[in-house]
Amino acid sequence: MKIGVAGGGAFGTALGVALALDGNAITLWARNPDAVATMQTTRLNPKLPDVPLPPKMDFTAAIDDLLGCDILLLAVPAQTLRPFLEPLAGRLDGKYLVACCKGIDLTRMTGPGTSITELVPTATAAVLTGPSFAADIACGLPTALTLACADDAHGAILQTALSTTALRLYRTTDIIGAELGGALKNVMAIASGVAIGAGLGESARAALITRGFPEMQRLAAALGAMPDTLGGLSGFGDLVLTCTSPQSRNYRCGVALGQAAGFDQATTVEGAATARAVRQLAQELDIDLPICAVVADLIEEKTDVAAALNALLSRPLREE
Ligand SMILES: NC(=O)c1ccc[n+]([C@@H]2O[C@H](COP(=O)([O-])OP(=O)(O)OC[C@H]3O[C@@H](n4cnc5c(N)ncnc54)[C@H](O)[C@@H]3O)[C@@H](O)[C@H]2O)c1
Ligand SMILES: O=P(O)(O)OC[C@H](O)CO
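Residues numbered from 1 in each chain as written. Chains lettered and ligands numbered in written order. Predicted model: local features only at pLDDT ≥ 70, side-chain atom pairs only at ≥ 80, totals over all residues. Heavy atoms only, no water.

Taking an unreviewed UniProt entry as the reference, the protein chain is identified by name as Glycerol-3-phosphate dehydrogenase [NAD(P)+] belonging to Yoonia rhodophyticola. UniProt lists a comment for the protein chain under the heading Subcellular location (unreviewed entry), and it reads "Cytoplasm". (UniProt positions renumbered as here; feature names shortened; annotations may be inferred.)

And the structure:
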């Protein structure tokens, strides 16, 4: 099956590199023609500067070049997935559309897999998520991800097509659980970064990760996820990675917030919009998600670190 990638950022490129080195011819679409020309001629992507782009990868800024692919890996940022798909919806019938972004769409309060199902109901929607840094995947380091597809037979086809020796895909039919794990861990990574940036210590970070996990589980359960999914790679696995590694942009954004320092607004920090979406969902569903709420307030500068800490520490004592 022919594989295409939509999105010329770090993650789409890394997936393309891994699959091209595994023998697949990869077409990668990026919206910026200059970026495409650079990749085609230099065989480098500045977002992954140390990684040569394999000969089996081709680059295009013409969206029509993707339409001959059977499997499309959608690696545009989460808030841009719907605007990307909407004009293409009638031209993607029957394809495998695999969301590779992590977040909750602020306009519709849906995760990326759900957005695909809504916008292109004739496609097979799937979500690829889990603990993975683009640079690790592109360098061929061992990585395990979750491939979620409601139809398990189609999920198995995707699992085989997208796995390589180093990139191991584990399968689930729980799209809601997988996409929520990937979205929510970014909010917790911001919180963890804030704790470290503000000098609150490693113990505070461990407390945030541990108390953050049941928040993830509560929202996932309320939105119909299967109970065990959040305990897997897409939830717990990615929570651990992202809350503990300075490679994570969400974590680094949190560190900057904790230090009251600036952070490059052009950096992709999916947890910022997702925190706001989660705060709204929590209100609508009447669920208590205190860590998510303070992250959203910090992002919007409705609170500062001292007040956020006080809000968390002054909550009533309770059973674990
Ligand atoms: N980088 C990682 O390690 C990693 C790992 C796993 C998942 N992801 C997920 O992959 C998604 C993309 O992240 P990334 O790391 O590739 O980001 P990135 O910042 O490296 O690249 C984002 C790319 O999206 C493009 N883009 C922005 N708006 C667009 C639009 N409207 N239409 C088309 N393209 C647009 C930008 O030009 C850029 O090339 C995110 O949801 C992220 O959570 C990233
Ligand atoms: O750099 P981040 O914070 O977007 O994290 C990248 C991946 O999602 C980690 O699994």
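### Comments concerning helix 1 (residues 10–21)
With twelve residues, helix 1 should cover 16 Å at 1.5 Å per step; its first-to-last C-alpha distance of 16 Å lies within 8% of that length. Restricting attention to buried positions, one finds in helix 1 the residues Ala10, Phe11, Gly12, Thr13, Ala14, Leu15, Gly16, Val17, Ala18, Leu19 and Ala20. Just downstream of helix 1, Gly23 is the residue with a positive phi angle, here 110°. (Helix = DSSP H or I, 4+ residues; strand = E, 2+ residues; numbered from the N terminus. Expected span 1.5 Å × (residues − 1). Buried < 20%, exposed > 50% of the residue type's maximum accessible area, 1.4 Å probe, protein only.)

### Considerations on the UniProt feature "binding site: NADPH" (unreviewed entry) in the protein chain
Residues annotated by UniProt as "binding site: NADPH" (unreviewed entry) correspond here to Phe11, Arg31, Lys102, Ala134, Arg249, Val269 and Glu270. Dropping the residues within four chain positions of it, Phe11 is found in contact with Cys100, Ser132, Ala134 and Ile137. Mapped onto the fold, Arg31 is located in the loop between strand 2 (26–29) and helix 2 (33–42). (Contact = heavy atoms within 4.5 Å.)

### Examining the site of ligand 1
Around ligand 1, 20 residues are found, and the nearest of them are Ala10, Ala134, Arg249, Thr268 and Glu270. Measuring from an oxygen atom of ligand 1, one finds a backbone N or O atom of Gly9 at 3.4 Å. A distance of 2.8 Å separates an oxygen atom of ligand 1 from a polar atom in the side chain of Arg249. Protein burial of ligand 1: of its 820 Å² of free accessible surface, 85% is covered by the chains. (Near = heavy atom within 4 Å. Polar contact = N/O pair within 3.5 Å; in protein donor to acceptor, adjacent residues only side chain to side chain. Areas by Shrake-Rupley, 256 points an atom, 1.4 Å probe, with all protein chains shown as cover.)

### Description of the site of ligand 2
Residues in contact with ligand 2, as listed here, are Lys102, Gly130, Pro131, Ser132, Phe133, Lys185, Asp238, Leu241, Thr242, Ser248, Arg249 and Asn250. Here Arg249 contributes a backbone N or O atom positioned 2.9 Å from an oxygen atom of ligand 2. Asn250 places a side-chain nitrogen or oxygen 2.7 Å from an oxygen atom of ligand 2. Expressed as a share of its isolated accessible area of 300 Å², the protein-covered part of ligand 2 is 92%. Those elements that provide at least two residues to the shell around ligand 2 are helix 9 (233–244) and helix 10 (249–258). The element that contributes the greatest number of residues to the shell around ligand 2 is helix 9, accounting for three residues.

### Points about a nonpolar patch on the surface
Side chains of Leu200, Leu309 and Leu313 sit close together on the surface and give an oily, nonpolar patch of about 270 Å² of accessible area. The topology assignment puts Leu200 in the loop between helix 7 (175–197) and helix 8 (202–222). Residue classification places Leu200 among the partly exposed residues on the basis of a relative accessible area of 36%. (Patch = residues over 30% accessible without salt bridge, like charges linked within 9 Å, V, L, I, M, F, W, Y side chains within 5 Å. Salt bridge = Lys/Arg side-chain N within 4 Å of Asp/Glu carboxyl O.)

### Some details on the UniProt feature "active site" (unreviewed entry) in the protein chain
On the UniProt side, "active site" (unreviewed entry) is annotated at positions that read Lys185 here. Mapping Lys185 onto the fold places it in helix 7. Its relative accessible area of 5% is what places Lys185 among the buried residues. Contact partners of Lys185, with chain neighbours within four places excluded, come to Lys102, Met216, Asp238, Leu239, Thr242 and Cys243.

### Here we look at the sheet that holds strand 7 (residues 143–149)
The eight strands lie next to each other as 3-2-1-4-5-6-7-8, forming an open sheet whose pairing is mixed. The open sheet is flanked by strand 3 (57–60) and strand 8 (167–172), the only strands paired with a single partner. Along the sheet, successive strands turn relative to each other by an average axial angle of 25°, direction set aside. Bridge count for strand 7 against strand 8 is six bridges, and the pairing is parallel. In the sheet register, Leu147 faces strand 8, and the bridge partner there is Arg171. Running over the sheet, helix 2 touches strand 2 and strand 3 and is turned about 155° from strand 3. Here helix 4 (residues 112–119) sits on the sheet in contact with strand 4 (71–74), strand 5 (96–99) and strand 6 (124–129), set at roughly 165° to strand 6. (Pairing = 2+ DSSP bridges. Axes fitted to C-alpha atoms, helices over the stretch in contact; angles between N-to-C directions.)

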